[in-house]
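Take a look at the letters that make up each chain.
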Amino acid sequence: MIIGVTGGVGSGKSTAISHVSELYDALVLRTDDIAKELMTDPKLLEQLEAAMGRSIRDRDGLLDKKLYGDLIYSSERMAAISDSIVHPAVWDYVRERAGEESSKGRLVLVESALPGKELSDICDHILVLTAGDRARLSRLAKERGYSSERYEDIKERQLSQEAFEALGDVIIRNDGTIEELKKRTEEAIDDLCKSCQRKQR
């Protein structure tokens, strides 16, 4: 079984995923982490350089993260070029790895804060985490030290809460405690994945 997990910043995706991963020994594929890992691939860097028309490497030949970040955040054109190269590579990796592990009977969780058609195509089900602005900001301020301005900036770059909810087979509202979130997530996964076996405690 392959289950996609998505939702806006501060909705509780990481907490829910960590709990399910431990409970079921699930494989977790986080698209952001995969993208960062792929950015160490010389072939991918060559493609980006050729498309962007300039070097994005440091003196050691690795990705110059500051330069690259400045480029894609200051130019919609550069961001689109980067997305057109990096996103397909990320989803190709997810599709292959998730397929391999799922075929062995393992539960796979695919986390993406910027879901597209690929998430729906790859996953059997999609679970969406939602929460109100007050709960999300409070959570991010406590856990990551985010200001309200940073929260709003990230939120603007993501789908609306309504758009996230439209993607999901299951919607989990996370305005309460961590224990409440864990309980609701367990119930959702149990319902979606009757055949999955929990780890023995």
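Residues numbered from 1 in each chain as written. Predicted model: local features only at pLDDT ≥ 70, side-chain atom pairs only at ≥ 80, totals over all residues. Heavy atoms only, no water.

## Some details on the pairing of strand β1 (residues 2–7)
Okay, so step 1: Most of β1 is tucked away: 6 of the 6 residues are buried.
Okay, so step 2: Judged by which residues are buried, β1 turns out to be covered on both faces: I2, G4 and T6 on one side and I3, V5 and G7 on the other are all buried.
Okay, so step 3: Judged from the 4 bridges that link them, β1 and strand β3 (residues 108–111) form a sheet pairing that is parallel. When the sheet's bridge partners are listed, I3 is paired in β3 with L109.
Okay, so step 4: Across 5 bridges, the pairing between β1 and strand β4 (residues 125–130) is parallel. When the sheet's bridge partners are listed, G7 is paired in β4 with L129. (Buried < 20%, exposed > 50% of the residue type's maximum accessible area, 1.4 Å probe, protein only. Helix = DSSP H or I, 4+ residues; strand = E, 2+ residues; numbered from the N terminus. Pairing = 2+ DSSP bridges.)

## As for helix α3 (residues 42–52)
Okay, so step 1: What α3 keeps buried is the set L44, L45, L48, E49 and M52. For α3, the buried positions fall inside an angular range of 135 degrees around the axis, keeping them on one side. Facing away from the buried surface of α3 by more than 90 degrees, the exposed residues are K43 and A50.
Okay, so step 2: Buried-residue contacts for α3 involve α2 (31–38), α4 (65–74) and α5 (76–103).
Okay, so step 3: Where α3 begins, one side-chain oxygen reaches toward the backbone nitrogen of K43, 3.0 Å away; that side chain belongs to D41.
Okay, so step 4: In the stretch just after α3, G53 is the one whose phi turns positive, near 80 degrees. (Arc of directions from axis to C-beta. Contact = heavy atoms within 4.5 Å. Polar contact = N/O pair within 3.5 Å; in protein donor to acceptor, adjacent residues only side chain to side chain.)

## Here's the deal with the layout of surface pockets
Summary: where empty space remains is shown by rolling a probe the size of a single water molecule over the atoms.
Okay, so step 1: Of the voids in this model, the largest pocket is the one considered here, and its volume is about 1800 Å³.
Okay, so step 2: As for the largest pocket, its lining consists of 49 residues, and the residues nearest its centre are D32, A35, K36, Y73 and L114.
Okay, so step 3: Listed by contribution, the elements that provide at least two residues to the lining of the largest pocket are α1 (13–24), α2, α3, α4, α5, α7 (133–144) and α8 (148–157).
Okay, so step 4: Broken down by element, the residue count for the lining of the largest pocket peaks at 7 residues, all from α5.
Okay, so step 5: The wall of the second largest pocket is formed by G12, T15, A135, S138, R139, K142, E143, N174, G176, T177, I178 and L181. (1 Å grid on protein atoms, 1.4 Å probe; cavity = no way out; pocket = protein on both sides within 12 Å on 5 of 7 lines; lining within 4 Å. Points joined across faces, edges and corners; volume = space filled by probe spheres on them.)

## Structural notes on the sheet that holds strand β2 (residues 27–30)
Okay, so step 1: Pairing in this open sheet of 5 strands is parallel, and the strands run β2-β3-β1-β4-β5 from one edge to the other. Looking along the sheet, the strands with just one partner apiece sit at the ends: β2 and β5 (170–173). For this sheet, the mean angle separating the axes of adjacent strands, direction not counted, is 20 degrees.
Okay, so step 2: Each of β2 and β3 touches α2; the most contacted strand, β2, lies at about 65 degrees to it.
Okay, so step 3: In the packing of helix α10 (residues 178–192) onto the sheet, the strands contacted are β1, β4 and β5, and the crossing angle to β5 comes to about 170 degrees. (Axes fitted to C-alpha atoms, helices over the stretch in contact; angles between N-to-C directions.)

## Re the pattern of salt bridges
Okay, so step 1: The final tally for this structure, using the stated rule, is 12 salt bridges.
Okay, so step 2: Linking D153 and R157 is a salt bridge whose minimum nitrogen-to-oxygen distance equals 3.6 Å. With a gap of 4 residues between them, D153 and R157 both fall in helix α8, about one helical turn apart.
Okay, so step 3: Classification of D153 by relative accessible area gives partly exposed; the value is 40%.
Okay, so step 4: Judged by its relative accessible area of 51%, R157 is exposed.
Okay, so step 5: For R173, the salt bridge goes to D175, with nearest N and O atoms at 2.5 Å.
Okay, so step 6: One connected set of salt bridges, linked through shared partners, spans D25, E101, K104 and R106. (Salt bridge = Lys/Arg side-chain N within 4 Å of Asp/Glu carboxyl O.)

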